[in-house]
Amino acid sequence: MPTTLQAFIQALPKTETHLHVEGALPYELLTAWDPSRYPEDPPFRRANFRYPTFPDFERTLLDNALPWFTSAERYYEATKVMFAKHVAQNVRYVETSFHLPVTQFINVPGPEIVAAILAAAPPGLEVRVFAGMLRSDISGDLRPTIDQLHTWTNLAGVDLHGFEQMPTEPDTAGVWAKLRAAGKVTKCHAGEFDGPGRVREAIEELGVTRVQHGVRAIEDPAVVRLAIDRGVTFDVCPISNVRLKVVHSLADHPIRRLMEAGVRCTVSTDDPLCFANSVTDEYLALAGELSFTHAELARVAVNGWEVASVSSDLRKSVLEEIRQVTISADHSEQR
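Within each chain, residues carry numbers counting from 1 in the order of the written sequence. Per-residue local features are limited, in this predicted model, to residues with pLDDT of at least 70; the limit for side-chain atom pairs, both in listing and counting, is 80 or more; totals at the level of whole chains, interfaces and linings are taken over all residues. For the side-chain quantities, the full set of heavy atoms in the structure was used; hydrogens and water were omitted.

Novice: Could you give an account of the pattern of salt bridges, naming the residues involved and the relevant values?
Specialist: Any Lys or Arg side-chain nitrogen located within 4 Å of an Asp or Glu carboxyl oxygen qualifies as a salt bridge. Within this structure, the stated rule accounts for 20 salt bridges. Of the charged contacts, one joins Asp147 and Arg143 as a salt bridge, the two residues approaching to 2.9 Å between their closest N and O atoms. Burial classification: accessible surface area is computed with a 1.4 Å probe over protein chains only, and a residue below 20% of its type maximum counts as buried, one above 50% as exposed, and the rest as partly exposed. With a relative accessible area of 22%, Arg143 lands in the partly exposed category. With a shortest N-O distance of 3.0 Å, Glu306 and Arg264 are connected by a salt bridge. Taken together, the residues span a long stretch of sequence, with Glu306 in helix H15 (residues 294-307) and Arg264 in strand E8 (residues 264-267) at a distance of 42 residues. In the salt-bridge network here, residues are joined through shared partners; they are Glu95, Lys187, Arg210 and Asp235. We count a stretch as a helix when DSSP gives it H or I for four or more residues in a row; a strand needs E for two or more, and each element gets its number in order from the N terminus.

Okay, here's the thing in structure tokens:
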């Protein structure tokens, strides 16, 4: 039975539903590969480091990730280590996206990258792979590939990510609707570096029920109400939000206010290559900086499983496990 906060968090069967493969490259692989270029403790991975702007962050991510991801085999090598870290933390379900433009950079078909990532998943870890793209890709050279995504059997869905101030191409809504009709899950980054209006756009115009981040919806009660009414989930990354200066500190983070209002929020790491964070760190941060109780942490875990693409039997079993872990922890506290 869990008797400490760390033990309680470890005992919770958790999910990770907002994770970029390239941004999750285990940094130790880079250090082992080229220690002169990738020192063990670079400043950008330290907890007190803040990225000045999103373009600065994006540059750091790409400068470190792209030299590694040159083949499907490299995706397999990276995600095998990445998934082992999930298993060690009792994370049992992962939704992760790869950057679709990479298929052009390295001339490797997307289905091969999807297959490599799925092949790296160990027993007991459910993995779903998404194709992530920039808002501008809908009208660019990637469009022929995007128009075939509905035929990629092992692709779980798609995600619109990158610099949020980019305009959303008019064709996006139609593309997203076509993909949903083919059984794919559609996501959109919104409410991170732009305001609640982009969350409204993602919900009303793109039709998504999975918003990546979404935290700035708190600035407009009407958008919060819209998210609740439409059953939208915010896949939130608190440490990322601090490191990228979306919020000043974890104490200022709106996740509790969003959850108390009725928005389903999950918790993930976003880009641990750049933040040196883990799912366990995210839960510890909620407990340490926002005073989340056992029940609130368990609610976060439940939220992830409620939206996970798993069988009803598995979902039911895991939710019961979370309930039992929480009861055991509360009993231990009362002694």
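Novice: For the packing of aromatic side chains, give the residues involved together with the corresponding values.
Specialist: Two rings belonging to Phe, Tyr or Trp (six-membered ring only in the last case) form a pair when the distance between their centres is within 6.5 Å. Interplanar angles under 30 degrees mark stacking, angles over 60 mark edge-to-face geometry, and anything in between is tilted. Using the criterion set out here, one finds 13 aromatic pairs in the structure. A ring pair is formed by Phe54 and Phe57, whose centres lie 5.6 Å apart and whose planes are at 50°; its orientation type is tilted. Residue Phe54 and its partner Phe57 are both found in helix H3 (residues 54-65); the two are separated by three residues, about one turn of the helix. The class for Phe57 is buried, based on a relative accessible area of 5%. You can call Phe54 buried: its relative accessible area is 9%. Charge-over-ring placement is defined geometrically: NZ (Lys) or CZ (Arg) within 6 Å of the ring centre, and within 35 degrees of the ring normal. Above the ring of Trp33, the side-chain terminus of Arg74 is found at 4.8 Å from the ring centroid. If you follow Arg74 out to its NZ or CZ, it ends over the ring of Trp68, 3.9 Å from the centre.

Novice: Please provide a residue-by-residue account of helix H14 (residues 279-290), values included.
Specialist: To estimate how far a helix should extend, the number of its residues minus one is multiplied by 1.5 Å. For H14, built from twelve residues, the straight-helix expectation of 16 Å at 1.5 Å per residue is met to within 8% by its first-to-last C-alpha distance of 16 Å. What H14 keeps buried is the set Val279, Thr280, Glu282, Tyr283, Ala285, Leu286, Ala287 and Leu290. One or two positions beyond H14, positive phi appears at Ser291, with a value near 55°.

Novice: Outline the side chain of Lys14, supporting the account with residue identities and numerical values.
Specialist: As for its placement among the helices and strands, Lys14 is situated in strand E1 (residues 14-20). Lacking a salt bridge, the buried Lys14 has Glu321 as its closest oppositely charged neighbour, with an N-O distance of 9.2 Å. For this analysis, a polar contact is any N or O atom pair within 3.5 Å, provided that within protein one partner can donate a hydrogen and the other can accept it, and provided that sequence-adjacent residues contribute only side-chain to side-chain pairs. At a separation of 2.6 Å, a polar atom in the side chain of Lys14 contacts the main-chain carbonyl oxygen of Ile9. The positive count covers Lys and Arg only, the negative count covers Asp and Glu only, and His and the chain ends enter neither.

Novice: Explain the side chain of Thr186 to me, and be specific about the residues and the numbers.
Specialist: Examined against the element boundaries, Thr186 turns out to sit in strand E5 (residues 185-190). In this structure the side chain of Thr186 is engaged in a polar contact, spanning 2.8 Å, whose partner is the side chain of Arg180. Contacts are residue-level and defined by heavy atoms, with any inter-residue pair within 4.5 Å sufficient. Residues contacting Thr186, with those up to four places away along its chain left out, are Val158, Trp176, Leu179, Arg180, Val208, Thr209 and Arg210.

Novice: Describe the sheet that holds strand E2 (residues 91-99), naming the residues involved and giving the relevant values.
Specialist: Whether two strands pair comes down to DSSP finding at least two bridges between them. Strand order across the open sheet formed by eight strands is E1-E2-E3-E4-E5-E6-E7-E8, with parallel pairing between neighbours. Edge positions in the open sheet fall to E1 and E8, since each of these has one partner strand only. Taking each pair of neighbouring strands and ignoring which way they run, the sheet shows an average axis angle of 25°. Direction of pairing for strand E4 (residues 155-161) relative to E5: parallel, over a ladder of four bridges. Paired with Val158 across the two strands is Thr186, which belongs to E5. Note on definitions: angles span 0 to 180 degrees between N-to-C directions of axes, and those axes are lines fitted to C-alpha atoms, for helices only across the stretch in contact. Its contacts with the sheet place H15 against E1, E2, strand E6 (210-213), strand E7 (233-236) and E8, and it is angled at close to 100° to E8.

Novice: Kindly report on the nonpolar core, identifying the contributing residues and their values.
Specialist: Here, nonpolar core refers to any group of buried Ala, Val, Leu, Ile, Met, Phe, Trp, Tyr and Cys residues whose side-chain atoms link them within 4.5 Å. If you look at the biggest cluster of nonpolar residues, it comprises 105 residues, and the most contacted ones within it are Tyr75, Phe98, Leu149, Trp176 and Phe234. Ignoring anything within four residues of it in the chain, the contact list for Phe234 reads Val199, Val211, His213, Gly214, Ala217, Ala227, Leu258, Val263, Arg264, Cys265 and Thr266.

Novice: Talk me through the environment of Leu314; I want residue IDs and the actual numbers.
Specialist: Mapped onto the elements, Leu314 comes out in helix H16 (residues 312-334). Between the C-alpha atom of Leu314 and that of Glu260, which follows or precedes it by 54 residues, the distance is 27 Å. The residues touching Leu314, leaving out its near neighbours within four places in the chain, are Glu126 and Trp305.

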